[in-house]
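Overview (structure and organization)
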Amino acid sequence: MSTRGIYSRDGEVFGYVEGTRLYDLNGNLTGVIRGRTVYDLHGNRHWIINRDALLDVRGRVIGYLGESVSQAHR
C-alpha cells in the first residue's frame, strides 16, 4: 500500500497517509481522505488536498504530501 509523508511548510514530517487513512507519527489514526478532502475522526472537514499541497479549510497552505515515509518515521 502506498504510504506518503505529511510535511509541515518547514519540511518536518508530522504524519503519514496510508491509502485513504491519515496517521500521526505514533501510528494513531487521525483522519480519512474522501475525494480531495481530509476529514477528522468526527467527520469534520479538516484539510483540502490540492495536488500535493495541504490547505486548511480557508485555503491557506499548511503543508504538503511528500515522498514515501520510511518505517523509522512511522
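Scroll up for the structure.
The rules behind each value
- Residues numbered from 1 in each chain as written.
- Predicted model: local features only at pLDDT ≥ 70, side-chain atom pairs only at ≥ 80, totals over all residues.
- Heavy atoms only, no water.
- Pairing = 2+ DSSP bridges.
- Helix = DSSP H or I, 4+ residues; strand = E, 2+ residues; numbered from the N terminus.
- Axes fitted to C-alpha atoms, helices over the stretch in contact; angles between N-to-C directions.
- Buried < 20%, exposed > 50% of the residue type's maximum accessible area, 1.4 Å probe, protein only.
- Contact = heavy atoms within 4.5 Å.
- Phe/Tyr/Trp six-rings, centres within 6.5 Å; stacked < 30°, edge-to-face > 60°.
- Salt bridge = Lys/Arg side-chain N within 4 Å of Asp/Glu carboxyl O.

Our next topic: the sheet that holds strand β1 (residues 3-8). Spatial ordering of the closed barrel is given by β1-β2-β3-β4-β5-β6-β7-β8, a layout of eight strands whose pairing is antiparallel. Direction aside, the axes of adjacent strands within the sheet are offset by 30° on average. Note: strand β4 (residues 29-34) against strand β5 (residues 37-40), four bridges, orientation antiparallel. Across the sheet, the residue bridging to V32 is Y39, located in β5.

Inspection of the secondary structure assignment puts R45 in strand β6 (residues 45-50). For R45, a relative accessible area of 48% gives the class partly exposed. Sequence separation between R45 and G31 is 14 residues; the distance between their C-alpha atoms is 9.6 Å. For R45, the contacting residues outside a window of four places in its chain are T37, V38, Y39 and V57.

Another point: the packing of aromatic side chains. All chains considered together, the criterion is met by three aromatic pairs. Look at F14 and W47: their rings are 6.0 Å apart centre to centre, the planes differ by 85°, and that puts the pair in the edge-to-face class. A residue pair is termed long-range when its members are at least 10 positions apart, and F14 in strand β2 (residues 13-18) and W47 in strand β6 qualify at 33 residues. Since its relative accessible area comes to 13%, W47 is described here as buried. Ring geometry for Y16 versus Y23: centroids 5.2 Å apart, planes at 20°, classification stacked. We note that Y16, like Y23, is buried.

For the rest of this paragraph, the subject is unusual backbone geometry. Within the chain, R51 stands out as a residue other than glycine whose phi angle is a positive 60°. Residue placement: R51 occurs in the loop between β6 and β7 (53-55). Residue R51 is classed as exposed on the basis of its relative accessible area, which comes to 70%.

On to the pattern of salt bridges, then. Where charged atoms from two side chains of opposite charge approach closely, those side chains can pair. This model, assessed by the stated rule, comprises two salt bridges. R4 is paired through a salt bridge with D52; the nearest N and O atoms lie 2.9 Å apart. Linking R4 in strand β1 with D52 in the loop between β6 and β7, this pair joins segments that are 48 residues apart in sequence. Judged by its relative accessible area of 27%, R4 falls in the partly exposed class.

None of this, on its own, says anything about what the molecule does.
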